[in-house]
Amino acid sequence: MRLAKKWEEIVVASELESRVLRKISWRIVPFIMLLYFIAFLDRVNIGFAALEMNKDLGFSSTVFGLGAGIFFLGYFLFEVPSNLILDKVGARIWIARVMITWGLISGLMAFVQGVAGFYILRFLLGVAEAGFFPGIILYLSFWFPARRRAAVTAIFMAAAPLSTALGSPISGALMEMHGLMGLAGWQWMFLIEAAPALVFGVVVLFYLTDRPEMAKWLTEEERAWLVATMADEQKAKGAKARHSIWAGLADIRVLALALVYFGTSAGLYTLGIWAPQIIKEFGLTSLQVGFLNAIPAVMAVIAMVFWARHSDRTGERTWHVVFACLLAAGGLAFASGAGGVVTVLIALTLVNIGISCSKPPLWSMPTLFLSGPAAAAGIATINSIGNLGGFVGPSMIGWIKDVTGGFAGGLYFVAGLLVLSAVLTLVLARSATNTPDTANTNAAGQHP
């Protein structure tokens, strides 16, 4: 009888857990995916604008690459303070502020007249958007247990390749509006694609819930279970978890993960910003480029979800990051020598899959050893330093292209950064297993 009663309690608890996780997943994940879709589109649509804008404004590849990448300097400088403010005032207010600000600046990109204005607006766009991505990563750690976080993060991050998959044809089509009402196609693209950020920035204020304690859309029983579960997870970290802001900034594992993320960001934004021009070299129209650029991203979405689920199921993080980084590096090397549209698309597909698959297991690591303000500071530090790869990769591609006349040298450079990310991940895993205070929370390996 006692065994039967115990079994019944386990079954009831399991049903409650499934119900709660299903409910919060449907409530939160599709919405934040939509927000990230908009963010990523406004961040990289500069790659499609370049198909006409560079000629209209007289930009060289070096000027364009530097301007596209300078976004991440503003992002870097304001990332940590932005995430700390989010932790204090709540995601609802701060994410709304972020979206409305970046929507306004993204729309102003339509009226760029020269190099200085291009640089200034790209920098300000980075400042405006700083805090969005790490803020969402932190927000997910308030709602989802660690054992479910990689899969949820993967679904959220699938918005980036989805943004490329769906946004590329849209951007290509908008570029065909050239001449309407006296505006160039790239100007129409910036204006129209900025509007969703403004609209959904307002929606965030009414839809998002800051913490589980405030979730009126959960029943009392569901809310109590979620609050207790997340509190127990925080307690389980005990004294071994880092809580203060300075702990999050000073932890060597944070710096290591930031350097790993640096390489993956260089790869991601090399794709987002330069892939349209790489494909365009084969004499295609903007609309054709838009549809072809979507194909690798679709494959990446599918691979990312399966890879993250496998990482969660096995509890393994290190090799899931390493293999993905090496695949992306190999794809870039392949792309450098590709001589036709089909081979370029195959190469870009490998790069897309590798970059996308590396990120969910990577972002599952910091919240295993950081919590509270330390998690806010640590996640923002990883994202801000790591996203400098988004400055280095695209700007080096542009400079090397002007010097050599082709993309090959730049693609090899970014491939090297991804190999370095793989090596650093292995070093981090080895050091973590040899460190006493990470025995229960291995930041680069398995769940406890």
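Residues numbered from 1 in each chain as written. Predicted model: local features only at pLDDT ≥ 70, side-chain atom pairs only at ≥ 80, totals over all residues. Heavy atoms only, no water.

Caption draft 1: Geometry of the overall build of the chain. Check the secondary structure of the chain and you find 19 helices and zero strands. The burial tally for the chain puts 59% of its 448 residues in the buried class. The contacts of the chain with a sequence gap of at least 6 include a subset with a gap of at least 24, amounting to 83%. Accessible surface computed for the chain: about 17400 Å², of which carbon and sulfur atoms make up 70%. (Helix = DSSP H or I, 4+ residues; strand = E, 2+ residues; numbered from the N terminus. Buried < 20%, exposed > 50% of the residue type's maximum accessible area, 1.4 Å probe, protein only. Contact = heavy atoms within 4.5 Å. Areas by Shrake-Rupley, 256 points an atom, 1.4 Å probe, with all protein chains shown as cover.)

Caption draft 2: Broad picture of unusual backbone geometry. Even without being glycine, M181 reaches a positive phi, approximately 55 degrees. With respect to the element layout, M181 can be found in the loop between α9 (159-175) and α10 (185-207).

Caption draft 3: Spatial organisation of helix α13 (residues 252-280). For α13, spanning 29 residues, the distance from its first C-alpha to its last is 42 Å, which sits close to the expected 42 Å at 1.5 Å a residue. Taken as a whole, α13 carries its principal kink of about 55 degrees at W274; the proline P276 stands between one and four residues after it. (Expected span 1.5 Å × (residues − 1). Bend = angle between axes of the 7 residues up to and from the residue.)

Caption draft 4: Layout of a nonpolar patch on the surface. On the surface, W319, F323, L326, V419, V423, L426 and V427 cluster together into a nonpolar patch covering about 600 Å² of accessible area. At the level of secondary structure, the elements contributing two or more residues to the nonpolar patch comprise α15 (318-336) and α19 (408-433). For the nonpolar patch, the element with the most residues is α19, which contributes four residues. Tracing the sequence through the fold places L426 in helix α19. (Patch = residues over 30% accessible without salt bridge, like charges linked within 9 Å, V, L, I, M, F, W, Y side chains within 5 Å. Salt bridge = Lys/Arg side-chain N within 4 Å of Asp/Glu carboxyl O.)

Caption draft 5: Quick look at the side chain of N54. Looking at the element boundaries, N54 is found in helix α2 (residues 46-57). Ignoring anything within four residues of it in the chain, the contact list for N54 reads A49, F59, F64 and Q277.

Caption draft 6: Examining the environment of M304 more closely. Considering the arrangement of structural elements, one finds M304 in helix α14 (residues 286-314). On the basis of relative accessibility, which here comes to 1%, the residue M304 falls in the buried class. Considered as a pair, M304 and I355 are 51 residues apart in the sequence and their alpha carbons are 9.0 Å apart. Those residues in contact with M304, other than ones at most four positions away along the chain, are A154, M157, A158, P161, S356, C357 and P360.

Caption draft 7: View of the environment of V344. Examined against the element boundaries, V344 turns out to sit in helix α16 (residues 341-363). Spatially, the C-alpha atoms of V344 and A275 are 9.6 Å apart, while their sequence positions differ by 69 residues. Aside from chain neighbours lying at most four places away, what touches V344 is I278, I279, F282 and A338.

Caption draft 8: Region of interest: the pattern of salt bridges. Summed over the entire model, instances satisfying the criterion amount to five salt bridges. Residue R19 pairs with E221 through a salt bridge whose shortest N-O separation is 3.2 Å. Taken together, the positions of R19 in helix α1 (residues 2-44) and E221 in helix α11 (residues 220-237) put the pair 202 residues apart, joining distant regions of the chain. When its relative accessible area of 30% is taken as the criterion, R19 is described as partly exposed. Put simply, E222 and R19 hold a salt bridge, and the shortest N to O gap is 2.8 Å. With E222 in helix α11 and R19 in helix α1, the pair connects residues that are 203 residues apart, well separated along the chain. Connected through salt bridges with shared partners, the residues R19, K23, E221 and E222 form a single ionic network.

Caption draft 9: Expanded view of the packing of aromatic side chains. Applying the stated criterion across every chain yields a total of 21 aromatic pairs. Between F72 and Y269 the ring centres are 4.5 Å apart and the planes differ by 55 degrees, which places this aromatic pair in the tilted class. Taken together, the residues F72 in helix α4 (residues 71-89) and Y269 in helix α13 connect sequence positions 197 residues apart. The same class applies to F72 and to Y269, which are both buried. (Phe/Tyr/Trp six-rings, centres within 6.5 Å; stacked < 30°, edge-to-face > 60°.)

Caption draft 10: View of the side chain of S336. Residue position: S336 is located in helix α15. A distance of 2.5 Å separates a polar side-chain atom of S336 from the backbone oxygen of A333. In contact with S336, other than residues within four places in its own chain, are A408, L411 and Y412. (Polar contact = N/O pair within 3.5 Å; in protein donor to acceptor, adjacent residues only side chain to side chain.)

Caption draft 11: Seen up close, the environment of F40. Among the secondary structure elements, F40 is positioned in helix α1. Taking C-alpha positions, F40 is 8.0 Å from A159, a pair spaced 119 residues apart along the chain. Leave out the neighbours within four places in its chain, and F40 touches A160, S163, T164, L268 and Y269.

Caption draft 12: Focus on the packing of α13 against helix α18 (residues 389-404). The interhelical angle for the contact between α13 and α18, taken along N-to-C directions, is 55 degrees, at an axis separation of 7 Å. Of the possible angle classes, the one that applies to α13 and α18 is oblique. As α13 packs across α18, the resulting crossing turns out to be right-handed. Between α13, through F262, S265, A266, Y269, T270, I273 and W274, and α18, the contact on the second element is made entirely by G389, G390, V392, G393, P394, I397, G398 and K401. (Axes fitted to C-alpha atoms, helices over the stretch in contact; angles between N-to-C directions. Parallel < 35°, antiparallel > 145°, perpendicular 65-115°, else oblique. Left-handed = near helix turned anticlockwise from the far one by under 90°.)

Caption draft 13: How the structure looks around the confidence of the model for the chain. With 87% of its residues at a pLDDT of 70 or more, the chain has an overall mean of 83. Looking at the elements of the chain, mean pLDDT is at its lowest for helix α12 (residues 245-250), recorded as 53, and at its highest for α10, recorded as 94. Counted against residues more than four places away or in other chains, residues 3-12, with its pLDDT under 50, gives zero contacts. (pLDDT = per-residue confidence, 0-100.)

Caption draft 14: Structural context of α14. With 29 residues, α14 should reach 42 Å at 1.5 Å per residue; the first-to-last C-alpha distance of 43 Å fits that figure. Taken from the residues just after α14, G315 is the one with a positive phi, measuring 75 degrees.

Caption draft 15: Seen up close, the packing of helix α3 (residues 61-69) against α4. α4 packs onto α3 with a crossing angle of 25 degrees between their chain directions and a minimal axis gap of 4 Å. Comparing their axes, α4 and α3 come out roughly parallel. Taking contact as the criterion, the partners of G67, A68 and G69 in α3 are, on α4, F71, F72 and L73. Grouping the constituent residues of the contact of α3 with α4 by class yields four nonpolar, two polar and no charged. (Nonpolar A, V, L, I, M, F, W, Y, C, P; charged D, E, K, R; others polar.)

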